[in-house]
Amino acid sequence: MELQAKVRSYIENNLVVFEENVQFSDDDNIFERGFVNSLFAMKLLNYIEQDFGITVDNEDLDIANFSTVNNIVSLIEKKRSGVS
Amino acid sequence: MNIQTIAVVGAGVMGTDVALDLACYGYNVILKDIDSEAMDRARKKISNDFKLVKMVKKDVKSRTLEDVWGQISFTSDYDRFGEADFVIENITEDWEAKRKVYRELREVCSPDTLYAVNTSCISITKVGSLMPDPEKVIGMHFMNPVPVKELVEVIRGEHTSDETVDVSRHFLESFKKVPVIVNDFPGFVTNRVLMLTINECIWSVQDGVAEPADVDKIFRLGFGHKMGPLATADLIGLDTIHHSLLVLYDSYKDPKFRPCPLLVKMVDAGYLGKKSGKGFFQYHL
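All of these numbers come straight from a predicted model, not from anything done at the bench.

Conventions used here
Residues numbered from 1 in each chain as written. Chains lettered and ligands numbered in written order. Predicted model: local features only at pLDDT ≥ 70, side-chain atom pairs only at ≥ 80, totals over all residues. Heavy atoms only, no water. Buried < 20%, exposed > 50% of the residue type's maximum accessible area, 1.4 Å probe, protein only. Helix = DSSP H or I, 4+ residues; strand = E, 2+ residues; numbered from the N terminus. Right-handed = clockwise from strand over helix to strand, strands pointing away. Pairing = 2+ DSSP bridges. Axes fitted to C-alpha atoms, helices over the stretch in contact; angles between N-to-C directions. Parallel < 35°, antiparallel > 145°, perpendicular 65-115°, else oblique. Left-handed = near helix turned anticlockwise from the far one by under 90°. Contact = heavy atoms within 4.5 Å. Nonpolar A, V, L, I, M, F, W, Y, C, P; charged D, E, K, R; others polar. Expected span 1.5 Å × (residues − 1). UniProt positions renumbered as here; feature names shortened; annotations may be inferred. Phe/Tyr/Trp six-rings, centres within 6.5 Å; stacked < 30°, edge-to-face > 60°. Lys NZ or Arg CZ within 6 Å of the ring centre and 35° of its normal. Arc of directions from axis to C-beta. Buried area = accessible area lost by both parts, 1.4 Å probe. Salt bridge = Lys/Arg side-chain N within 4 Å of Asp/Glu carboxyl O. Polar contact = N/O pair within 3.5 Å; in protein donor to acceptor, adjacent residues only side chain to side chain.

Okay, the pairing of strand β2 (residues 28-32) of chain B next. All names here are of chain B. With 4 of 5 residues buried, β2 is to be regarded as a mostly interior element. In the classification by handedness, the crossover that spans strand β1 (residues 5-9), the intervening helix α1 (residues 13-24) and the parallel β2 is right-handed. Where β2 lies against strand β3 (residues 72-75), 4 bridges are found, and the strand directions are parallel. Bridge pairing links I30 to S73 in β3.

Before going further, it helps to spend a moment on the packing of helix α10 (residues 238-252) of chain B against helix α11 (residues 261-268) of chain B. All names here are of chain B. Interaxial distance between α10 and α11 falls to 9 Å at its minimum, and their mutual angle equals 135 degrees. Our classification of the angle between α10 and α11 gives oblique. In this structure, the crossing between α10 and α11 has a hand that is left-handed. For the pair α10 and α11, the contacting residues are L238, D239, I241, H242 and L245 in the first and L263, V264, M266 and V267 in the second. Across the contact of α10 with α11, the residue classes break down as 7 nonpolar, 1 polar and 1 charged.

Taking 1.5 Å per residue, 14 residues should reach 20 Å; helix α2 (residues 38-51) of chain A reaches 20 Å between its end C-alpha atoms and fits that length. Just beyond α2 of chain A, the residue with positive phi is G53 of chain A, at close to 60 degrees.

The UniProt feature table records "domain: 3-hydroxyacyl-CoA dehydrogenase NAD binding" (unreviewed entry) at residues 5-184 of chain B. Between the C-alpha atoms that bound residues 5-184 of chain B the distance is 26 Å, and the span itself is 40% helix and 22% strand.

The next point concerns the environment of N46 of chain A. You can see N46 of chain A is positioned in helix α2. Separated by 33 residues in the primary sequence, N46 of chain A and N13 of chain A place their C-alpha atoms 15 Å from one another.

Attention now goes to the packing of aromatic side chains. Scanning the entire structure with this criterion turns up 16 aromatic pairs over all chains. Through a chain of ring-to-ring contacts, three or more aromatic side chains come together here, namely Y10, F40, Y47 and F52 of chain A. In this structure, K126 of chain B packs its charged tip against the face of W95 of chain B, placed 4.5 Å from the ring centre.

Residue and element names in this part refer to chain B. Counted at 1.5 Å a residue, the expected span for helix α6 (residues 162-174) with its 13 residues is 18 Å, and the 18 Å between its end C-alpha atoms agrees. T164, V165, V167, S168, F171 and L172 are the residues of α6 that are buried. Looking straight down α6, one finds that the buried residues subtend no more than 165 degrees of arc, so they occupy a single side. Every exposed residue of α6 that faces more than 90 degrees away from the buried side is listed here: D162, E163 and H170. Downstream of α6 by a residue or two, K176 has a phi angle that is positive, lying close to 65 degrees.

In this section: the UniProt feature "domain: 3-hydroxyacyl-CoA dehydrogenase C-terminal" (unreviewed entry) in chain B. Mapped onto the present numbering, the UniProt feature "domain: 3-hydroxyacyl-CoA dehydrogenase C-terminal" (unreviewed entry) falls on residues 187-283 of chain B. Between the C-alpha atoms that bound residues 187-283 of chain B the distance is 29 Å, and the span itself is 62% helix and 0% strand.

In this complex, chain B contributes 25 residues to the contact, which on the side of chain A involves 21 residues. Between chain B and chain A the total buried area reaches about 2100 Å² when both faces are included, carbon and sulfur atoms providing 60% of it. Summed over the shared surface of chain B and chain A, the result is 3 salt bridges. For K58 of chain B, the salt bridge is made with D62 of chain A, and the minimal N-O distance between the two is 3.7 Å. Run the count over chain B and chain A and you get 7 residue pairs in polar contact (both at pLDDT 80 or more). Ranked by residues supplied to the side of chain B that touches chain A, first place goes to helix α2 (residues 36-56) of chain B with 7 residues. Its residues assigned to classes, the side of chain B that touches chain A shows 11 nonpolar, 4 polar and 10 charged.

Here it is as structure tokens:
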């Protein structure tokens, strides 16, 4: 839960829409819904690698792994379990 | 015409991403900048942005960073420019700086070399006038970030030949770009219409018609824009918007391009948009 909240908070701080009450579920595709743009994808990758101490390999470099809160959390958990 | 070697002049954000995009599709790239710090930043940016390219483009998935380094040579001189089939120039949007570079390019390139000016506001016809063969000069206005934005606004100068337009179109399509050919007039289509739209949105805010968030919401939900005009303005930088409007105003002498006083006040106050943490919206730096 804590991981989910942290990822969600990071996305919320980088939205490109500024209306009140912008809401998205943990399964909403943040790129397709237009809440973030392609410049954010790079920032998100750097954030995940630095803040969670993981390296995203070639096979996981797929926008689908970064498109929802749940997918991002799954990726981080997968990488963490892989190295421990 | 077989295009194999591209000389990219200027290793800023746009030039660096153009070089990376071309390298991913197997072109030989000569990336030139006179500033060694810019070159260091370019190397770092390429290794970072390459991950983004792999994230969003499946057709370059099999490429490695080593492949990319193998395609790009970094230089501060014009020694290999004689090999260039195409020059893509991305230096600062300043006429005097461009004039100096094109005077140099005409001395070092082959008579067959084609020239693409990557610009959102400089006249392609005027750049053409600097060269011995203005038929070989064309505009290519790439969008940021280059590797993930398909659209390229291609500008035909007054003397640009049909052959140069055809070669440019095929060249751009070879690395998955979607060229849209327009004629040379100040601001082309992109800046001419976008700046006017943004400016009028700012007038609407100044006149108390709507709050910034509601202006953007109308464009997003009503017209299907991915980003509202004011969020777009914040991303581009309000100082850049102000400058672009002044260039358009000066070019057309038409008062419709006069910058809204609220925009001028925000720029004076240092509210420059995303890069300063505050524009029409607040940002977490």
